[in-house]
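A closer look at the structure
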Amino acid sequence: MEEFYRIKRLPPYVFETVNRAKAAARNAGADIVDLGMGNPDLPAPQHVLDKLKETLGKPRTDRYSSSKGIPGLRRAQAAYYARRFGVKLNPDTQIVTTLGSKEGFANVAQAITAPGDVVLVPDPSYPIHAFGFLMAGGVVRSVPSDPTPSFFSTLERAITHSIPKPIAVVVCYPSNPTAHVADLDFYKELVPFAKKHGIYILSDLAYAEVYFENNPPPSVLQVNGAMDVCVEFTSMSKTYSMAGWRMGFAVGNERIISALTRVKSYLDYGAFTPVQVAATAALNGPDDCIKEMRDTYKRRRDVLVESFGRAGWDVPPPKASMFAWSPIPEPFRELGSVEFSKLLVEKAEVAVAPGTGFGERGEGFVRIAVVENEQRIRQAARNIRRFLETAPEKLHNVVPLATRR
């Protein structure tokens, strides 16, 4: 039978190829060091867990919750933005809770996209940034993801040559997958650019607190007038290691927040109330846990860069996020990122994410997530060293270029 319309619009899920290789290797008894998915392994803060336990089973907490988010949680998010960015938000009109930032992006696409609308999306980028609009019937036009001066000339050309004119541009800094970081000057140029061309800015700030050089990433909403054209998405998944709790936020422009709130009101009743109460405790509580999380990922990043480098694979050190965005080692580049990632699973028992899963410009790279402890990362490096040393002899039929080293 013919595929359903929306399913036909989605390209093949690239990561599934590597997932199948991982499953096959594990079924055969392999100990895979999984650095593929950005799935935090750190525990949620104790005071957040305590609040969840305290709230469970209380009267009314098992009933339907609020799709928009309980008032206390929205106030806590407003307080976080005031504290962290100096941005004042109205909890009633400028904040809506989401079931993670991924759901927020998917549903804002449903809320603002008419069939055929054009949205400018960075490439490479987190898949929902593009696929959310494709599923909503929109058209995606790719722009480079680096926050350099050339970004704006490329954006200008994309707007000039798009029919119809784009309705929005997506930005994501710190970037998933590339770990690029934008400074406030970049946003100070982006906001008037968006106003000039009459487009919205949809900012993904999921990695706001995962940075390593004492230079906290800014919010686009810090720019004067940004609230007129911007909505920003944040998540508690990485900041508080609450990925499975599915808790995030959209904040900013009242028109888009109202539209997203209305769409969500037809689709869900919000997160489980005890989860929302615990999330409130996280935002209002001490931030020692955030610094500990940041320090842990920095140590892992340093171990990854050092140990992989000694193994023969130079990995550029990321300034932020929980990912390293690394070129495929030279002898293997002609394989492409999917085949190289499969080969790593099968021959080195290490899983990474193929760059092409994040867009066409991601080919030639892989994303490495620091979601295993330092000992496991060193184990991965040892496996990779053996793999690189033996590849010319053992894989000469698969990787002919390896023989030229």
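Per chain, the residues get numbers from 1 upward, laid out in the order the sequence is written. Local features in this predicted model are restricted to residues whose pLDDT is 70 or higher, and side-chain atom pairs enter the listing and the counts only when it is 80 or higher, whereas totals over whole chains, interfaces and linings include all residues. Note that the side-chain values use all heavy atoms of the structure and ignore hydrogens as well as water.

1. A closer look at the pairing of strand β2 (residues 95-98)
Going residue by residue along β2, you find Ile95 and Thr97 tucked away on one face and Val96 and Thr98 tucked away on the opposite face as well. Sheet analysis places β2 next to strand β8 (residues 248-252), joined by 4 bridges and oriented antiparallel. Following the sheet pairing, Ile95 is matched in β8 by Val251. The buried label applies to any residue whose accessible area, calculated with a 1.4 Å probe on protein chains only, is under 20% of its type's maximum; exposed applies above 50%, and partly exposed to all values in between. Helix and strand labels come from DSSP, where a helix needs a run of H or I of at least four residues and a strand needs a run of E of at least two; each type is numbered from the N terminus. Here, a strand pair is defined by DSSP locating no fewer than two bridges between the strands.

2. Remarks on the confidence of the model for the chain
By definition, pLDDT measures how confident the predictor is in each residue, and it falls between 0 and 100. Per-residue confidence for the chain gives a mean pLDDT of 92, with 97% of residues at or over 70. Highest mean pLDDT in the chain belongs to strand β6 (residues 200-204) (98); lowest belongs to helix α1 (residues 5-8) (80).

3. Here we look at the state of the cysteines
Working definition: a disulfide is two cysteine sulfur atoms within 2.5 Å of each other. Under the criterion given, the structure shown has 0 disulfides. Cys230 provides the cysteine sulfur closest to Cys172, a residue in no disulfide bond, and the two sulfurs are 15 Å apart.

4. Examining the packing of helix α4 (residues 71-85) against helix α10 (residues 273-284)
Under this scheme, a helix contributes an axis fitted over its contacting stretch, all axes are lines through C-alpha atoms, and angles between N-to-C directions fall in the 0 to 180 degree range. At a closest axis distance of 9 Å, the pairing of α4 and α10 adopts a crossing angle of 20°. Between α4 and α10, the interaxial angle falls into the category roughly parallel. Considering the relative orientation of α4 and α10, their crossing is left-handed. The segment α4 lies against α10, with Gly72, Leu73, Ala76, Gln77, Tyr80 and Arg83 engaging Gln276, Ala279, Thr280, Leu283 and Asn284. Roughly parallel covers angles under 35 degrees, roughly antiparallel covers those over 145, roughly perpendicular covers 65 to 115, and oblique covers all other angles. For any helix crossing, the convention is left-handed if the near helix is rotated counterclockwise from the far helix by under a right angle, and right-handed if that rotation is clockwise. Only heavy atoms matter for contacts: two residues are in contact if any of them lie within 4.5 Å across the pair.

5. Concerning the environment of Trp325
Along the chain, the position of Trp325 falls in strand β9 (residues 323-327). Setting aside residues no more than four positions away along its own chain, Trp325 makes contact with Pro124, Pro177, Thr178, Pro316, Gly355, Phe358, Gly362, Phe365, Val366 and Arg367.

6. Thoughts on the pattern of salt bridges
A side chain with one charge can pair with a side chain of the opposite charge if their charged atoms come near. Here, a salt bridge means any Lys or Arg side-chain nitrogen found within 4 Å of an Asp or Glu carboxyl oxygen. Counted under the stated rule, the structure contains 23 salt bridges. For Lys264, the salt bridge identified is with Asp268, shortest N-O distance 2.9 Å. Asp268 shares its class with Lys264; the two are buried. Across the pair Arg333 and Glu330 runs a salt bridge, and its minimum N-O distance is 2.9 Å.

7. Side note on the packing of aromatic side chains
Each aromatic pair joins two rings of Phe, Tyr and Trp (for Trp, the six-membered one) with centres within 6.5 Å, and gets the label stacked for planes under 30 degrees apart, edge-to-face for over 60, and tilted for any other angle. Inspection of the entire model under this criterion finds 19 aromatic pairs. Ring geometry for Phe151 and Phe186: centres 5.2 Å apart, planes at 65°, overall edge-to-face. Of the two residues, Phe151 sits in helix α7 (residues 150-160) while Phe186 sits in helix α8 (residues 184-197), which places them 35 residues apart along the sequence. Accessibility assignment for this pair places Phe151 and Phe186 in one class, buried. Between Trp325 and Phe365 the ring centres are 5.2 Å apart and the planes differ by 5°, which places this aromatic pair in the stacked class. Taken together, the residues Trp325 in strand β9 and Phe365 in strand β12 (residues 365-369) connect sequence positions 40 residues apart. Phe365 gets classed as partly exposed once you look at its relative accessible area, which sits at 26%. Ring-pair connections join several aromatic residues into one group, and the members of that group are Phe151, Phe152, Tyr173, Phe186, Tyr187 and Phe193. Sitting above the plane of the Phe323 ring, Arg367 keeps its charged end 3.9 Å from the centroid. Geometrically, a lysine NZ or arginine CZ counts as sitting over a ring once it is within 6 Å of the ring centre and also within 35 degrees of the ring normal.

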